[in-house]
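Single-letter residue listing:
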Amino acid sequence: MPIKHDFLSPERVIFGQGVAEQLGDCVHALKGKMVFIVTDKVVAGLDSFKAVEKSLVKQNIEYHLYTDVDANPTDVQVDRGAELYKKMNSDIIVAVGGGSSIDSAKSIGIVVNNGGSIRDYVEYESVVNVIPPLIAIPTTAGTGSEASAWAIVTHTEKNYKMCPGGWNLIPRVALVDPVLSASMPPATTAATGMDALSHAIEAVCSPYAMPQTDAFAFSATRLIVKHLGPAVADGCNMAAREGMAMAALEAGLSMNANCGGVHALGHQLSTQYGIQHGVAMGIMLPILMTFNTIACPDRMVDIAIAMGEKVETPGVNKPVVREEPKVGRNDPCSCGSGKKFKKCCGR
């Protein structure tokens, strides 16, 4: 079968310390007159957010602030935001925050230009009309939503996470400013970092992987291994913050290959138990990596190499990772049940 790839990305990606202050210029270039800012109450109260507002004021651009965004945004909040967008005669959306805010902004845009409720757009490519111009400014380093074609919203009636997606959800501009992530506490830094790692690893193992997604996924993996620990240990380490911001962006671009079981199962943990998305990804990632190794051992070797692991290659073109000692049938089972292996997992 002929190879066919479809790689999506924002029209512009502006990266670096202080680039969030270019928001006013970007809105002006898109001929925006009334900006609808989607964020949460915590981000709206940060000093760094004031610089974002100041850049709009400098260009004499009016804006409305919408802060009804939860960690796991809901269909009710999205539909309410779409109504307010129309009421304010807005013509451009700006998302400032983590994946929750950016996904909410994308979803609001879906309803604004396609009508109905966000609940009407459950399936991938169910969105017909492109959303209004969206400028995404991430304040975390993990979701990669500033560069992806996906949004995640909780369906409150059926209690599950919807994932509308398609090329017409891609932000027009991504302003990736590492300074905005410096205020993240260690736990949030770790959780969002695991989210980015899950994007990269799932992209590598996806049947839709392509050369572009591989390049971004492996680069993101190397950056995460190098910078996540230092960023957790010292939030003011701007070299680490820059590395993680770039890793999240690259991992987001690698999601062109789609995610897999880690996200499918992790979403249930968030929906049913309110577990933070990145934490849920961290819980599911090692389990699904073990499971997926059956199907794609060579790809797992590539991931191990990207993570800096030493890999033995006993034969040409037959790389294998060192195996753990096998459990004997009469040995205690490694699952911790206390039973012998032959009467537990070895049955």
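Residues numbered from 1 in each chain as written. Predicted model: local features only at pLDDT ≥ 70, side-chain atom pairs only at ≥ 80, totals over all residues. Heavy atoms only, no water.

Colleague: Any details on the overall build of the chain? Residues and values, ideally.
Modeller: Within the chain, the regular secondary structure consists of eleven helices and ten strands. Here the C-alpha atoms of the chain give a radius of gyration of 21 Å, agreeing with the 20 Å that 2.2 N^0.38 yields for 347 residues. Oriented by its inertia axes, the alpha-carbon framework of the chain measures out at about 75 × 45 × 45 Å. For the chain, buried positions account for 50% of its 347 residues. Pairs at least 24 residues apart make up 72% of the contacts formed inside the chain by residues separated by at least 6 positions. (Helix = DSSP H or I, 4+ residues; strand = E, 2+ residues; numbered from the N terminus. Rg over C-alpha atoms; globule rule 2.2 N^0.38 Å. Buried < 20%, exposed > 50% of the residue type's maximum accessible area, 1.4 Å probe, protein only. Contact = heavy atoms within 4.5 Å.)

Colleague: Describe the sheet that holds strand 2 (residues 34–38), listing the residues and the values that go with them.
Modeller: On the basis of which strands lie adjacent, the open sheet formed by six strands has the order 1-8-5-4-2-3 and parallel pairing. The open sheet has two edge strands, strand 1 (12–15) and strand 3 (62–66), and neither has a second partner. Direction aside, neighbouring strands of the sheet carry axes that sit 20° apart on average. With four bridges connecting them, strand 2 and strand 4 (residues 92–97) associate as parallel partners. Note that in strand 4 the partner of Phe 36 across the bridge is Ile 93. Where helix 5 (residues 99–114) meets the sheet, its contacts fall on strand 2, strand 3, strand 4 and strand 5 (134–138), and the angle it forms with strand 4 comes to roughly 165°. (Pairing = 2+ DSSP bridges. Axes fitted to C-alpha atoms, helices over the stretch in contact; angles between N-to-C directions.)

Colleague: I'd like a rundown of the packing of aromatic side chains, residues and numbers included.
Modeller: Following the criterion strictly, the structure yields three aromatic pairs and no others. When the ring of Phe 36 is compared with that of Tyr 66, the centres are 5.6 Å apart and the planes differ by 25°; the resulting orientation is stacked. Separated by 30 residues along the polypeptide, Phe 36 in strand 2 and Tyr 66 in strand 3 bring together distant segments of the chain. Residue classification places Phe 36 among the buried positions, given a relative accessible area of 0%. Each member of the aromatic cluster is reached from another via a ring pair, and the members are Phe 36, Tyr 66 and Tyr 85. (Phe/Tyr/Trp six-rings, centres within 6.5 Å; stacked < 30°, edge-to-face > 60°.)

Colleague: Break down the pattern of salt bridges for me, citing the residues and quoting the values.
Modeller: Side chains carrying opposite charge are able to pair once their charged atoms draw close together. Across all of its chains, the model carries five salt bridges by this definition. The shortest N-O distance in the salt bridge between Glu 11 and Arg 172 comes to 3.0 Å. Linking Glu 11 in the segment before strand 1 with Arg 172 in the loop between strand 7 (160–162) and strand 8 (173–176), this pair joins segments that are 161 residues apart in sequence. For Glu 11, a relative accessible area of 60% gives the class exposed. With a relative accessible area of 29%, Arg 172 lands in the partly exposed category. Between Arg 119 and Asp 75 there is a salt bridge whose closest N-O contact spans 3.2 Å. In this pair, Arg 119 is assigned in the loop between helix 5 and strand 5 and Asp 75 in helix 4 (residues 75–87), connecting sequence segments 44 residues apart. Judged by relative accessible area, which is 0%, Asp 75 ranks as buried. (Salt bridge = Lys/Arg side-chain N within 4 Å of Asp/Glu carboxyl O.)

Colleague: Please provide a residue-by-residue account of unusual backbone geometry, values included.
Modeller: Its identity as a non-glycine residue notwithstanding, Lys 31 has a phi of 60°, on the positive side. Within the fold, Lys 31 resides in the loop between helix 1 (23–29) and strand 2. The residue Asn 60 is not glycine, and still its phi comes out positive at about 55°. For Asn 60, the position within the fold is in the loop between helix 3 (47–58) and strand 3.

Colleague: Explain the state of the cysteines to me, and be specific about the residues and the numbers.
Modeller: Should the sulfur atoms of two cysteines be covalently bonded, the bond is a disulfide. Within this structure, the stated rule accounts for zero disulfides. For the unlinked cysteine Cys 205, the closest cysteine sulfur is that of Cys 296, found at 3.9 Å. (Disulfide = S-S within 2.5 Å.)

Colleague: So what's going on with the nonpolar core? Which residues, and what values?
Modeller: In terms of nonpolar packing, the biggest core is built from 32 residues, with Ile 224, Met 244, Val 262 and Ile 303 touching the most fellow members. Of all the secondary-structure elements, those providing two or more residues to this core are helix 6 (186–205), helix 7 (211–233), helix 8 (238–254), helix 9 (261–273), helix 10 (277–292) and helix 11 (297–306). (Core = buried A, V, L, I, M, F, W, Y, C linked by side-chain atoms within 4.5 Å.)

Colleague: Describe helix 3, and please don't skip the residues or the numbers.
Modeller: Here helix 3 is twelve residues long and its end C-alpha atoms lie 17 Å apart, about the 16 Å a rise of 1.5 Å per residue gives. The set of residues buried in helix 3 consists of Phe 49, Val 52, Glu 53, Ser 55 and Leu 56. The buried residues of helix 3 occupy an angular sector of 150° when the element is viewed end-on, so they sit on one face. Residues Asp 47, Lys 54, Val 57 and Lys 58 are exposed on helix 3 and point more than 90 degrees away from its buried face. In this structure, the buried side of helix 3 is in contact with helix 1, strand 2, helix 2 (41–44), strand 3, strand 4 and strand 5. Just beyond helix 3, the residue with positive phi is Asn 60, at close to 55°. (Expected span 1.5 Å × (residues − 1). Arc of directions from axis to C-beta.)

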